[in-house]
Structure formats: C-alpha cells, structure tokens
Amino acid sequence: MDSNQQLKLTQMKNFIQKLGSSTEKYGDPTLERFLIARSMDPNKAAKMFVSWQKWRASFVPLGFIPDSQVTEQLDHRKVFLQGFSKDGYPVAIVKACNHYPAKDQPQFKKFVVHLLDKIIASGVKGTEIGNEKMVAILDLDQIGYKNVEARALITGFQFLQAYYPERLKKCYILSMPWFFVSVWKMVSRFLEKATLEKIVIVTNEEEKKQFIREVGEDVLPEEYGGRANFVLIQDVVLPPLED
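Figured I'd write up the structure that's included with this text. (Residues numbered from 1 in each chain as written. Predicted model: local features only at pLDDT ≥ 70, side-chain atom pairs only at ≥ 80, totals over all residues. Heavy atoms only, no water.)

### Focus on the pattern of salt bridges
A side chain with one charge can pair with a side chain of the opposite charge if their charged atoms come near. Under the defined criterion, the tally for this structure stands at 14 salt bridges. Residues Arg151 and Glu149 are paired through a salt bridge, measuring 4.0 Å at the closest nitrogen-oxygen approach. According to the relative accessible area criterion, Glu149 is buried, its value standing at 10%. Across the pair Arg227 and Asp218 runs a salt bridge, and its minimum N-O distance is 2.5 Å. Connected through salt bridges with shared partners, the residues Lys95, Asp139 and Glu223 form a single ionic network. (Salt bridge = Lys/Arg side-chain N within 4 Å of Asp/Glu carboxyl O. Buried < 20%, exposed > 50% of the residue type's maximum accessible area, 1.4 Å probe, protein only.)

This is the structure:
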C-alpha cells in the first residue's frame, strides 16, 4: 500500500469514528474493499462500511444464517461449492434450472447471505484476512420460463455490491438461451460498472476453452469440461464466517 492509499485508509477510519462506529474488529484489507468500491473516497467508503455494519447486526444477528433458516431453498439442490480455482478462489456453481421463484422473499434474501457467507468462508485459509474473493458460475442450461426470476438475480447482485464489496473475482454465465437475453439486459441496469466488468458471458467454443483454463479442470464438473463431481453447498461443512 502506497502512502496515498494509507492516508485515505486513515481518513476513512477517522470518518467511521465520527459516524459513531468502530473498526477495531476489522483489518485493513476489509476496509480497503470498501474504499475500492467507493473509488477511494474515504467519506463515501466510511458511510458504506457503517451501513454494512448496521445491516449485518440486524439481518445476521447470529453472525451467520444456519441451514435451518433456508431449508426450502437448499432443498432445490441448485448451488454447488467446488473447491478452489487455479488462482485459489472458491468456485460456486448455480444451476438455474433448479431454481423456482421464491414465495418467501425475506427467506430468499437470507439464502443469498447464507450462500455468500459460506462461499467466502470456504476461501479462508486459517485466519480470515478480509480480502477473500470468489468465482461464480451461473449455468442457464435447460432453464424454462418457470425458472426465470429477474428479481432473484437482481437481489443477489445488489447484495454483492452493497454488503460484499470486492468479494466477486469473476462471474461466468453459461448457456444463455435467446429468451433470457432481454431478462439479462434488464438485470444489467441494476449492476455497477465494476460488477459488469467481472461478468463473462460464455458464447462460443474458444470462450469455453478460456473458461476451463481459468477456472481449472480439477474443480469443474465433467459437463463443463472438467474432472470433478458436483458438490452440493449443504454437503460442505465449514466453521461459520465470523464478523
């Protein structure tokens, strides 16, 4: 970190104190994520950080969302946690053909937090540093109109942007059908430029080969060109992510 970045980090900490909060439990890498997400503006980063702290305290009072609170979503068997990419990031796969529009939106939001917390926790090697990232794969193969829910995608990305800044390394979208293009255009309007730049829509064989090279055959299931089996996220046992 250069002297200018260190100065902005110090300013951010001072702003957080003025807002009546504390950074005592958090290391610099955590605070840096918020700074980057707010274009290195210490004041805006401080406000975002304090807003996140308040949200976390009210929405995740236990510090994590247990499986028992999101069983209906887990029972759809649509999210898989595959291990580490070639670059060392946890890889999560969402099979959209197993998703059905949620009747209980508050529970679905809890499910999103449960997933993101668990994926990030799986990337912690020993002690959490605070700058861990994840790779996501959204598989749209075999989806029908009954599986399409723009609100679910928007919720997921908005939570990433507001409460998990700089946690997403890359998101690959596979097998996008023609009827989903208009849905994606609508969803994209809710995404920040920095998020859109991390999304890769795989559309041809060369892009698929690049996708396999970047993620790695060891964690990708066979149907994606890899050698692994699918591992349901609820079958992965991890300690909960601590605040």
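### Quick look at the side chain of Arg167
You can see Arg167 is positioned in the loop between α6 (150-163) and β4 (168-174). Classification of Arg167 by relative accessible area gives buried; the value is 4%. With residues up to four places along the chain from it excluded, the contact list for Arg167 reads Arg33, Ile120, Glu128, Gly130, Asn131, Glu132, Lys133, Met134 and Leu160. (Helix = DSSP H or I, 4+ residues; strand = E, 2+ residues; numbered from the N terminus. Contact = heavy atoms within 4.5 Å.)

### Quick look at the pairing of strand β2 (residues 90-95)
The element β2 is extensively covered by neighbouring structure, given that 5 of its 6 residues are classed as buried. With 4 bridges connecting them, strand β1 (residues 79-84) and β2 associate as antiparallel partners. Within β2, the residue paired with Val79 across the bridge is Val94. The turn linking β1 back onto β2 is made up of 5 residues, and Gly88 within it adopts a positive phi angle of 90 degrees. Examined bridge by bridge, β2 and strand β3 (residues 134-139) share 5 bridges and lie parallel to one another. By the bridge assignment for β3, Val91 is matched with Val135. Crossover handedness for the path β2 to helix α5 (residues 105-122) to β3: right-handed. (Pairing = 2+ DSSP bridges. Right-handed = clockwise from strand over helix to strand, strands pointing away.)

### Observations concerning the side chain of Ser122
Relative to the helices and strands, Ser122 resides in helix α5. Those residues in contact with Ser122 that lie beyond four places of it in its chain are Leu81, Phe84, Pro90 and Leu238.

### Focus: the sheet that holds β2
With mixed pairing, the 5 strands of this open sheet are ordered in space as β1-β2-β3-β4-β5. Both edges of this open sheet fall to β1 and β5 (199-201), since each of them pairs with a single strand only. Each strand axis lies, on average, 20 degrees off the axis of its neighbour in the sheet, ignoring direction. (Axes fitted to C-alpha atoms, helices over the stretch in contact; angles between N-to-C directions.)

### Some remarks on the nonpolar core
Grouped together as the largest cluster of nonpolar side chains are 57 residues, with contacts concentrated most on Met12, Phe49, Phe157, Trp184 and Val187. Per element, the largest residue contribution to this core is 8 residues, and it comes from α5. Leave out the neighbours within four places in its chain, and Phe157 touches Cys171, Trp184, Val187, Leu191, Thr195 and Ile199. Residues Val91, Val135, Leu174 and Ile212 belong to the second largest nonpolar core, which totals 15 residues. (Core = buried A, V, L, I, M, F, W, Y, C linked by side-chain atoms within 4.5 Å.)

### What to know about the environment of Glu192
Tracing the backbone through its elements, the reader meets Glu192 in the loop between α7 (181-188) and α8 (193-196). Note on Glu192: relative accessible area 33%, which makes it partly exposed. Along the chain, Glu192 and Phe157 lie 35 residues apart, while their C-alpha atoms are 9.3 Å from each other. When residues no more than four places from it in sequence are discounted, the contact partners of Glu192 are Arg38 and Gln161.

### Some points on the environment of Leu7
With respect to the helices, strands and loops of the structure, Leu7 is situated in helix α1 (residues 3-18). In the structure, Leu7 is positioned 76 residues away from Gly83 in sequence and 37 Å away in space, judged by C-alpha atoms.

What is shown is where atoms sit, not what they do.
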